[in-house]
2 protein chains.
Amino acid sequence: MANSEWQLQAYLQERIQLAESALDRFLPAVDMLPASLHDAMRYSVFAGGKRIRPILMMAACEAVGGSPHQVLPAACAIEMIHSYSLIHDDLPAMDDDDFRRGKPTNHKVYGEAIAILAGDGLLTEAFLLLSNPDVFKDLSTEARREVIHLLARSSGSRGMVGGQVVDMESEGQPIDLPTLEYIHTHKTGALILAAIESGAIIGGADAQQRRALCRYGEAAGLAFQVADDILDIVADQQELGKDVGSDQQRGKATYPALLGLDGARERARELRDIAFSSLEIFDASARPLREIASYIVDRSF
Amino acid sequence: MANSEWQLQAYLQERIQLAESALDRFLPAVDMLPASLHDAMRYSVFAGGKRIRPILMMAACEAVGGSPHQVLPAACAIEMIHSYSLIHDDLPAMDDDDFRRGKPTNHKVYGEAIAILAGDGLLTEAFLLLSNPDVFKDLSTEARREVIHLLARSSGSRGMVGGQVVDMESEGQPIDLPTLEYIHTHKTGALILAAIESGAIIGGADAQQRRALCRYGEAAGLAFQVADDILDIVADQQELGKDVGSDQQRGKATYPALLGLDGARERARELRDIAFSSLEIFDASARPLREIASYIVDRSF
């Protein structure tokens with residue numbers, strides 16, 4: 001168990017490094033004009049983060065026999081999209097957060113105007129990278145189109161941005177479980193699912209493999225959010241680098257608020273089991289995906 | 001002359017209608033969840049506007065023998081990008097404008113948070129549409145990739161967003177003509193050029209035609225901005241629907257400020273002539289492009 005845990009950590013560290021060195025390569029150089037904008041874009045991308053979306057994308061690609069290197073442009077694009085969403089979420093008009101992962105948020109360092117534009121820049125840069133003729137040279141143009149379409153659908157008003165709006169509009173109001181699941185399947189789940197489905201496409205998954213990985217992605221994405229909600233309640237400030245219980249203070253609906261802490265943990269376990277069973281058709285190639293599902297859920301216990 | 005003017009107006013009206021009915025078709029329905037977000041997205045897209053980018057894209061496609069209908073998805077995508085940029089530009093942290101084209105700006109109607117997200121949603125929707133398998137069915141996937149790449153490059157930190165940052169950072173400071181041209185070739189010129197180059201690609205332009213249309217696009221894009229600067233000084237509030245001379249009040253660099261009103265008009269005329277000469281290889285199919293270049297410049301006299 002300790003051994004297995006150590007191996008997962010080493011795997012995650014290696015993948016984080018792979019993603020971060022690719023991000024450094026693909027992002028506009030800091031001395032490219034306008035320097036302040038590119039500095040702000042890089043600040044948030046490199047302000048820490050678990051790189052869970054790139055890691056899941058690589059792991060899904062590997063599960064169907066691909067190499068993690070194949071997905072790097074898409075893995076970086078999805079991380080740019082994730083970073084942009086955090087910059088905009090933290091703005092005074094939105095969550096008004098001064099710190100994230102223990103560091104000042106983008107607008108606290110660069111001001112609101114640059115923060116808005118750095119987010120816009122990162123979102124656009126993601127699609128610039130996905131459509132760059134110098135990347136994905138071994139991928140069919142149809143598969144590339146599909147990946148672009150997936151990332152756009154999962155991150156826009158029909159996905160992440162839509163989830164953010166319903167989340168905001170639900171603040172301080174009593175909401176039911178279906179609404180909470182709508183929020184999370186859109187706000188965070190959609191992009192996690194897109195990471196996994198993109199990894200499957202780029203790795204050359206057949207239809208059955210792709211369906212299985214999507215089922216895994218839906219369960220893992222929701223499990224990730226349930227676990228985050230639980231952590232928000234129980235973790236101390238040092239560990240998370242943000243205000244403890246800040247979601248609750250803001251009157252945001254969470255799984256523990258709706259199901260109780262035990263009920264939320266039970267839900268996380270159920271989702272982990274769905275994720276596991278979705279991977280039954282895969283052999284050892286899906287070991288990273290299995291361990292990641294465990295890791296996501298277990299950190300909330 | 002009066003007859004030619006009337007024809008151009010009829011042409012523009014017809015193209016505006018074509019673009020607007022396609023926008024209505026391609027944008028998420030107003031009753032799609034979250035309704036407030038999709039309502040806000042539609043509000044700004046349909047708050048008027050000259051549709052100059054879609055019109056130029058259609059005209060470039062026609063110049064090389066294509067039909068305006070071929071470009072509609074890309075024309076709508078570029079208009080969504082343009083609309084998103086206006087929403088974010090108007091935010092309190094940016095230009096803090098309460099009115100645009102005589103109507104309350106997005107954040108005045110929907111609040112800042114929704115305005116930020118409506119902008120994000122429109123930008124993402126543009127790439128969703130460009131990668132939609134149900135559009136561009138007669139276009140090669142390589143040409144589609146190129147159009148996506150062009151629109152991303154021209155609108156992101158290497159294009160429009162970058163120009164916006166340099167514009168902001170130059171406020172209240174003495175700047176020279178090269179910096180002013182950097183701002184405009186990036187902030188507005190890049191997207192106008194991308195509209196024309198996309199139209200050329202979708203219409204099946206050969207290399208010579210594409211080069212000629214890009215030269216036209218660079219000149220017309222800059223001419224458009226010079227004319228806008230002139231109009232900002234001379235037009236009355238009713239005509240523009242925004243504060244007269246607001247750029248000047250804000251200490252923004254403009255062509256009239258740098259070159260004088262006569263010098264700016266001379267520059268606009270020069271750019272129009274470059275645009276004209278770029279079109280010499282085309283026959284009557286480029287008539288709309290020629291008339292639009294005249295129209296852009298002449299409205300500032």
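Residues numbered from 1 in each chain as written. Chains lettered and ligands numbered in written order. Predicted model: local features only at pLDDT ≥ 70, side-chain atom pairs only at ≥ 80, totals over all residues.

Asks: It is not clear to me how the overall build of chain A should be interpreted in this structure. Could you clarify?
Replies: The number of helices and strands found in chain A is 14 helices and 2 strands. Its C-alpha radius of gyration of 18 Å places chain A within 12% of the 19 Å reference for a compact globule of 301 residues. In terms of overall dimensions, chain A has a C-alpha envelope of 50 × 50 × 35 Å along the principal axes. By residue count, 55% of the 301 residues in chain A fall in the buried class. (Helix = DSSP H or I, 4+ residues; strand = E, 2+ residues; numbered from the N terminus. Rg over C-alpha atoms; globule rule 2.2 N^0.38 Å. Buried ≥ 20, exposed ≤ 12 C-beta atoms within 10 Å, placed from the backbone.)

Asks: Explain the nonpolar core to me, please; I cannot follow it from the model alone.
Replies: Most often, soluble globular proteins keep nonpolar side chains buried together rather than apart. Counting residues in each nonpolar core, the largest one holds 190 residues, and the members touching the most others are Met57(A), Leu151(A), Ala223(A), Met57(B), Leu151(B) and Ala223(B). Setting aside residues up to four positions removed in sequence, Ala223(B) forms contacts with Ala268(B), Leu271(B), Arg272(B), Ala275(B), Ala293(B), Ile296(B) and Val297(B). (Core = buried A, V, L, I, M, F, W, Y, C linked by C-beta atoms within 7 Å. Contact = placed C-beta atoms within 7 Å.)

Asks: Any chance you could explain unusual backbone geometry here in plain terms?
Replies: Comment: phi is negative for the bulk of residues other than glycine, and the bulk of peptide bonds are trans. For the peptide bond that leads from Leu33(A) to Pro34(A), omega is -10°, which places it in the cis range. Positive phi outside glycine occurs at Arg51(B), with the angle close to 55°. Counting through the fold element by element, Arg51(B) comes out in the loop between α2 (35–45) and α3 (52–63). Accessibility expressed as a C-beta count within 10 Å gives 22 for Arg51(B), which makes it buried. Within the chain, Phe136(B) stands out as a residue other than glycine whose phi angle is a positive 55°. Along the chain, the position of Phe136(B) falls in the loop between α6 (112–130) and α7 (141–155). Judged by the 22 C-beta atoms lying within 10 Å of it, Phe136(B) is buried.

Asks: Would you take a moment to explain the relation of the copies chain A and chain B for this structure?
Replies: Relating one copy of the chain to the other takes a rotation about an axis and a shift parallel to that axis. Expressed as a screw operation, the relation of chain A to chain B combines 0.0 Å of axial shift with a rotation of 180°, fitting to an RMSD of 0.0 Å. Between the two chains, the operation in question is that of a two-fold axis. For chain A, the minimum C-alpha distance to the rotation axis belongs to Thr141(A) and amounts to 3.0 Å. An overlap of 100% is found between the interface residues of chain A and their copies at the interface of chain B, pointing to a shared contact surface. (Least-squares fit on C-alpha atoms with pLDDT ≥ 70 in both.)

Asks: Would you mind showing me how to read the interface of chain A and chain B here?
Replies: When the parts come together, some accessible area is lost, and that loss is often what is quoted as the size of the interface. Contact residues are listed per partner, giving 44 residues for chain A and 44 residues for chain B. Of all the secondary structure elements, the ones that give two or more residues to the side of chain A that touches chain B are α2 (35–45), α6 (112–130), α7 (141–155) and α8 (160–170) of chain A. In terms of residue count, the dominant contributor to the side of chain A that touches chain B is α6(A) (12 residues).

Asks: What is the right way to look at the packing of helix α4 (residues 72–90) of chain A against helix α9 (residues 177–202) of chain A in this model?
Replies: Packed helices, taken two at a time, are described by their axes: the angle between them and the distance between them. Residues and elements named next belong to chain A. In the contact formed by α4 and α9, the axes pass within 10 Å of each other and the chain directions differ by 170°. Compared by their axis directions, α4 and α9 come out roughly antiparallel. Residues Ala74, Ile78, Ile81 and His82 of α4 pack against Leu191, Ala194, Ala195, Ser198 and Ile202 of α9. Broken down by class, the residue content of the contact of α4 with α9 amounts to 7 nonpolar, 2 polar and no charged. (Axes fitted to C-alpha atoms, helices over the stretch in contact; angles between N-to-C directions. Parallel < 35°, antiparallel > 145°, perpendicular 65-115°, else oblique. Nonpolar A, V, L, I, M, F, W, Y, C, P; charged D, E, K, R; others polar.)

Asks: Would you mind showing me how to read the confidence of the model for chain A here?
Replies: As a note on interpretation, predicted positions should not be read in detail where pLDDT is low. For chain A, per-residue confidence averages 92 on the pLDDT scale, and residues scoring 70 or more make up 92% of the total. ipTM for the predicted complex: 0.94, alongside a pTM of 0.94. (pLDDT = per-residue confidence, 0-100.)

Asks: It is not clear to me how the environment of His149(B) should be interpreted in this structure. Could you clarify?
Replies: Residue placement: His149(B) occurs in helix α7. Residue His149(B) is classed as partly exposed on the basis of its 19 C-beta neighbours within 10 Å. With 13 residues separating them in the primary sequence, His149(B) and Gly162(B) have C-alpha atoms 16 Å apart. When sequence neighbours within four positions are dropped, the list of residues in contact with His149(B) reads Leu128(A), Ser131(A) and Asn132(A).

Asks: Even after reading the chapter, I still don't get the environment of Thr124(B), so can you show me in this structure?
Replies: Residues and elements named next belong to chain B. Along the chain, Thr124 turns up in helix α6. On the neighbour-count criterion, Thr124 (29 C-beta atoms within 10 Å) is buried. In the structure, Thr124 is positioned 25 residues away from Phe99 in sequence and 25 Å away in space, judged by C-alpha atoms.

Asks: Looking at this model, I keep getting lost on α9(A). Mind explaining?
Replies: An α-helical segment advances 3.6 residues per turn. Residues three or four places apart therefore align on the same side. Residues and elements named next belong to chain A. Along α9, the sharpest change in direction is near 55° and occurs at Gly189. Among the 26 residues that make up α9, 21 are buried, leaving the element largely enclosed by the rest of the structure. Among the residues trailing α9, Gly204 stands out with phi positive, at a value near 85°. (Bend = angle between axes of the 7 residues up to and from the residue.)

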